[in-house]
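What follows is each chain in one-letter form.
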Amino acid sequence: MNSQVLSLIAGRVGVALVTLLIVSFIVFAATEMLPGDVAQVLLGQAATPEAVAGLREAMHLDQPAIMRFLNWLGGLLHGDLGHSYTNRMAVAELIAARLENTLKLAAITTSVAVPVALVFGILTAIWRGSLFDRAISTLVVGVISVPEFMVATLAVLVFAVWLGWLPALSFGGSTDGIWDILRAYAMPVITLTFVVSAQMIRMTRAAVIETMKSPYVEMALLKGASRSRMVLRHALPNAIGPIVNAMALSLSYLLGGVIIVETIFNYPGVAKLMVDAVATRDLPLIQGCAMIFCLGYLLLITIADVVAILSNPRLRH
């Protein structure tokens, strides 16, 4: 690995760290602008002004916002996300209890969406301009145009109401057996797979077609190579960087879509925890959940950039 590659990777990591710092400020500022007084919400409308003032002082809410931000940022650097206002537990413990569920949902969705997207993306590139390509492209554009909550609502309407195959809530019943577990994860996975794979199919197709325009691929065509062989043997290996970038961008979109899906299907993940925290105005919990999602997004994008750098043939020597 030469010095140019190392400097590019270090630059990407540095940009990610600076972005995370900026995002932490934005997250803190956004939660500070939420309406209402936290102390008043926790004590109720019947609380006296003295009690509200005492609680604000005990929670350090009487300090300037910049001081609270610096204290919170210092805690983040040491792995301390603070304590929840509503149940007095450590935010890290609350998130850790839900993070496993969110990671399971993301892993299952990825294991389904990525193969589907690769197969259809490559096939549409091979048969570009055919009826199959036009049909898949039309379906992909239609799915991308529909928001997640609409896809989730249609999934509930079809599979839970009309057909009665799946429960409307993800964890509405027993999950003791394999079949129960599959039924519990089916609805959120179906919804997220539709949304994520549609993005990946479109971007994978574009990446493969762009690589097929390269001179060495056109030369393989002139030598009599079939279109499928040209794509699989010549275009696809050199499109790995753009395809990984497309997958990372689509999977990072999964982090936003999971908030809506976990809420609709009552799935006990980090996103559902953050939505509940917003309802109770639990600022440390909101901030901790938001930072987890931002960290996941930046991690995916950084990995995609590093893979693109390592797979670039111009930088290998």
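About the cut-offs
Residues numbered from 1 in each chain as written. Predicted model: local features only at pLDDT ≥ 70, side-chain atom pairs only at ≥ 80, totals over all residues. Heavy atoms only, no water. Helix = DSSP H or I, 4+ residues; strand = E, 2+ residues; numbered from the N terminus. Buried < 20%, exposed > 50% of the residue type's maximum accessible area, 1.4 Å probe, protein only. Contact = heavy atoms within 4.5 Å. Core = buried A, V, L, I, M, F, W, Y, C linked by side-chain atoms within 4.5 Å. Salt bridge = Lys/Arg side-chain N within 4 Å of Asp/Glu carboxyl O. Polar contact = N/O pair within 3.5 Å; in protein donor to acceptor, adjacent residues only side chain to side chain. 1 Å grid on protein atoms, 1.4 Å probe; cavity = no way out; pocket = protein on both sides within 12 Å on 5 of 7 lines; lining within 4 Å. Points joined across faces, edges and corners; volume = space filled by probe spheres on them. Nonpolar A, V, L, I, M, F, W, Y, C, P; charged D, E, K, R; others polar.

Account for the overall build of the protein, with residues named and values stated.
Looking only at helices and strands, one finds 13 helices and zero strands in the protein. The linear arrangement of helices and strands in the protein, starting from the amino end, is α-α-α-α-α-α-α-α-α-α-α-α-α. Counting over 317 residues, the protein shows a buried share of 38%. Taking the contacts inside the protein whose residues are at least 6 apart along the sequence as the reference set, 72% of them involve residues at least 24 apart.

Summarise the nonpolar core; cite the residues concerned and give the values.
Judged by nonpolar contacts, the single largest core of 59 residues is most densely connected at Ile95, Leu105, Met200, Leu285 and Cys289. Ranked by residue count, the leading element in this core is helix α8 (residues 178–212), at 13 residues. Residue contacts for Ile95: discarding those within four places in its chain leaves Leu81, Val270, Leu273, Leu285, Gly288, Cys289 and Ile292.

Talk me through unusual backbone geometry; I want residue IDs and the actual numbers.
Positive phi outside glycine occurs at Asn266, with the angle close to 55°. Secondary-structure assignment places Asn266 in the loop between α11 (240–264) and α12 (270–280).

Explain the pattern of salt bridges to me, using residue names and the numbers behind them.
Enumeration over the complete set of coordinates arrives at four salt bridges. Across the pair Lys272 and Asp276 runs a salt bridge whose closest N-O atoms are separated by 3.2 Å. Of this pair, Lys272 and Asp276 both sit in helix α12, four residues apart, which is roughly one turn of that helix. For Lys272, a relative accessible area of 14% gives the class buried. Residue classification places Asp276 among the partly exposed residues on the basis of a relative accessible area of 32%.

Explain the side chain of Glu262 to me, using residue names and the numbers behind them.
Relative to the assigned elements, Glu262 resides in helix α11. Here the side chain of Glu262 touches Ala271 through a polar contact of 3.0 Å, landing on its backbone nitrogen. Leaving out residues up to four positions away in the same chain, Glu262 has contacts with Thr102, Leu105, Tyr267, Gly269, Val270, Ala271 and Lys272.

I'd like a rundown of the layout of surface pockets, residues and numbers included.
Volume-wise, the largest pocket comes out at about 490 Å³. Residue lining of the largest pocket: 21 residues in total, with Met59, Arg68, Trp72, Tyr85 and Pro284 positioned closest to the centre. Elements that contribute at least two residues to the lining of the largest pocket include exactly α1 (3–32), α4 (65–77) and α13 (283–311). For the lining of the largest pocket, the element with the highest residue contribution is α4, accounting for four residues. Across the lining of the largest pocket, the residue classes break down as nine nonpolar, eight polar and four charged.

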